[in-house]
Amino acid sequence: MDKIKRIAMVAHDERKQDLLEWIQYNEQSLRPHALFATGTTGGLIKKTFPSLSVTPMQSGPLGGDQQLGALIADNKLDMLIFLMDPMSPHPHDVDIKALLRLAVLYNIPAAYNRSTADFIISSPLFKDAYEPVMKDYSDYLDRKA
């Protein structure tokens, strides 16, 4: 993970305003980094913060979560900020679970609420290059072959 981070940003509809407030509070810290976001969230970030570099994906229900998951699997994302709404049903819940699983599998920092996002962005590790410890799954893969 380089000093310049590639950060995925996702927020359920009921949490988009919370994410925008969090970004506003942390705009200076986020400015040097590359942001990737699901469709609607990415559009809101680009409109509200034109100084930030944002690459929008599809909307989550249209495959945006899966696009971000593919970037994680290809080692093209370094962290995930996903402000989730635990009180509403989501029709693409299986896609969300797949995205969260990949964040765990590839050992990238992931925040699912604002407090955890605050801890990640305020960590001294956020400002420097970092080499995460990766679990070796080769034994698992050999058993499945």
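Below or above, wherever it landed, is the structure these notes cover. Residue positions are given per chain, counted from 1 along the sequence in the order it is written. With pLDDT at 70 or above as the cut-off, local features in this predicted model cover only qualifying residues; side-chain atom pairs require 80 or more to be listed or tallied, and sums for whole chains, interfaces and linings still use all residues. Think of the side-chain values as coming from all heavy atoms in the structure, minus any hydrogens and water.

A few points about the overall build of the protein chain
The number of helices and strands found in the protein chain is seven helices and five strands. Starting at the N terminus and ending at the C terminus, the protein chain contains elements arranged as β-α-α-β-α-β-α-β-α-β-α-α. With C-alpha atoms as the basis for the radius of gyration, the globule rule is written as 2.2 Å multiplied by the number of residues raised to the power 0.38. In terms of overall dimensions, the protein chain is globule-like: its C-alpha atoms have a radius of gyration of 15 Å, near the 15 Å expected for 145 residues. Counting the 145 residues in the protein chain, one finds 42% classified as buried. For this analysis, residues touch if any pair of their heavy atoms sits within 4.5 Å. Taking as baseline every contact in the protein chain between residues at least 6 positions apart, the subset at least 24 positions apart corresponds to 70%. Only the protein chains shown count as cover for residues, with accessible areas throughout obtained via the Shrake-Rupley method and a probe of 1.4 Å. Carbon together with sulfur atoms contributes 55% to the accessible area of the protein chain, which is approximately 8400 Å² in total. In the protein chain, the 16 positive side-chain charges and the 18 negative ones have mean positions that sit 2 Å from each other. Only DSSP runs of H or I with at least four residues qualify as helices, and only runs of E with at least two residues qualify as strands; both kinds are numbered from the N terminus onward. Accessible area is worked out with a 1.4 Å probe on protein chains only. A residue is then buried under 20% of its type maximum, exposed over 50%, and partly exposed in between. By the counting rule applied here, Lys and Arg register as positive and Asp and Glu as negative, while His and the ends of each chain are not counted. The atom standing in for a charge is NZ when the residue is Lys, CZ when it is Arg, CG when it is Asp and CD when it is Glu.

Some thoughts on the environment of Asn 26
Within the fold, Asn 26 resides in the loop between helix H1 (16-25) and helix H2 (27-30). A C-alpha to C-alpha distance of 9.4 Å links Asn 26 and Ser 122, two positions 96 residues apart in sequence. Aside from chain neighbours lying at most four places away, what touches Asn 26 is Asp 118 and Ile 121. In this structure the side chain of Asn 26 is engaged in a polar contact, spanning 2.9 Å, whose partner is the backbone oxygen of Trp 22. N or O atoms within 3.5 Å of each other form a polar contact, as long as, within protein, one can give a hydrogen and the other can take it, and as long as residues adjacent in sequence are counted only when both atoms are side-chain atoms.

A few points about unusual backbone geometry
Excluding glycine, most residues fall at negative phi; most peptide bonds, likewise, are trans. Unlike most non-glycine residues, Asn 75 shows phi in positive territory, near 55°. Among the structural elements, Asn 75 can be located in the loop between helix H4 (64-73) and strand S4 (79-83). Phi angles above zero are rare outside glycine, and Asn 107 is one such case at about 55°. Residue classification places Asn 107 among the partly exposed residues on the basis of a relative accessible area of 36%.

With respect to the pairing of strand S3 (residues 53-56)
Along any regular strand, the residues point their side chains to alternate faces of the sheet. In short, DSSP must find at least two bridges between two strands for them to pair. In this structure, strand S2 (residues 34-37) lies alongside S3, joined through four bridges in parallel fashion. Residue pairing for S3: Ala 37 is matched across the bridge by Pro 56. Handedness of the β-α-β unit built from S2, helix H3 (residues 39-48) and S3 comes out right-handed. Consider the strands pointing away from the viewer: the crossover is right-handed when the path from the first strand over the helix to the second runs clockwise.

Details of the sheet that holds strand S5 (residues 110-111)
Taken together, the five strands give an open sheet; going across it, the order is S3-S2-S1-S4-S5, and neighbouring strands pair in parallel fashion. With partners counted over all chains shown, the strands left at the sheet margins are S3 and S5, one partner each. Its contacts with the sheet put helix H5 (residues 93-105) on S4 and S5, and the angle it makes with S4 is roughly 145°. To obtain an axis, a line is fitted to C-alpha atoms, over the contacting stretch when the element is a helix, and the angle between two such axes runs from 0 to 180 degrees between their N-to-C directions.

Overview of the nonpolar core
By nonpolar core we mean a set of buried residues, namely Ala, Val, Leu, Ile, Met, Phe, Trp, Tyr and Cys, connected to one another through side-chain atoms within 4.5 Å. With 23 residues, the main nonpolar core has Met 9, Leu 19, Trp 22, Ile 23, Leu 30 and Ile 45 as its most contacted residues. Of all the secondary-structure elements, those providing two or more residues to this core are strand S1 (6-11), H1, S2, S4 and helix H6 (114-122). Counting residues in each nonpolar core, the second largest holds 16 residues, with Ala 8, Leu 80, Phe 82 and Ile 96 among its members.

Considering the side chain of Asp 65
Assignment of secondary structure puts Asp 65 in helix H4. In terms of polar contacts, Asp 65 uses its side chain to reach the side chain of His 92, at 3.1 Å.

Side note on the pattern of salt bridges
Put simply, a salt bridge is a Lys or Arg side-chain nitrogen that is within 4 Å of an Asp or Glu carboxyl oxygen. For the coordinates displayed, the defined rule picks out six salt bridges. With a shortest N-O distance of 3.6 Å, Lys 16 and Asp 13 are connected by a salt bridge. The exposure class assigned to Asp 13 is exposed, which follows from its relative accessible area of 62%.

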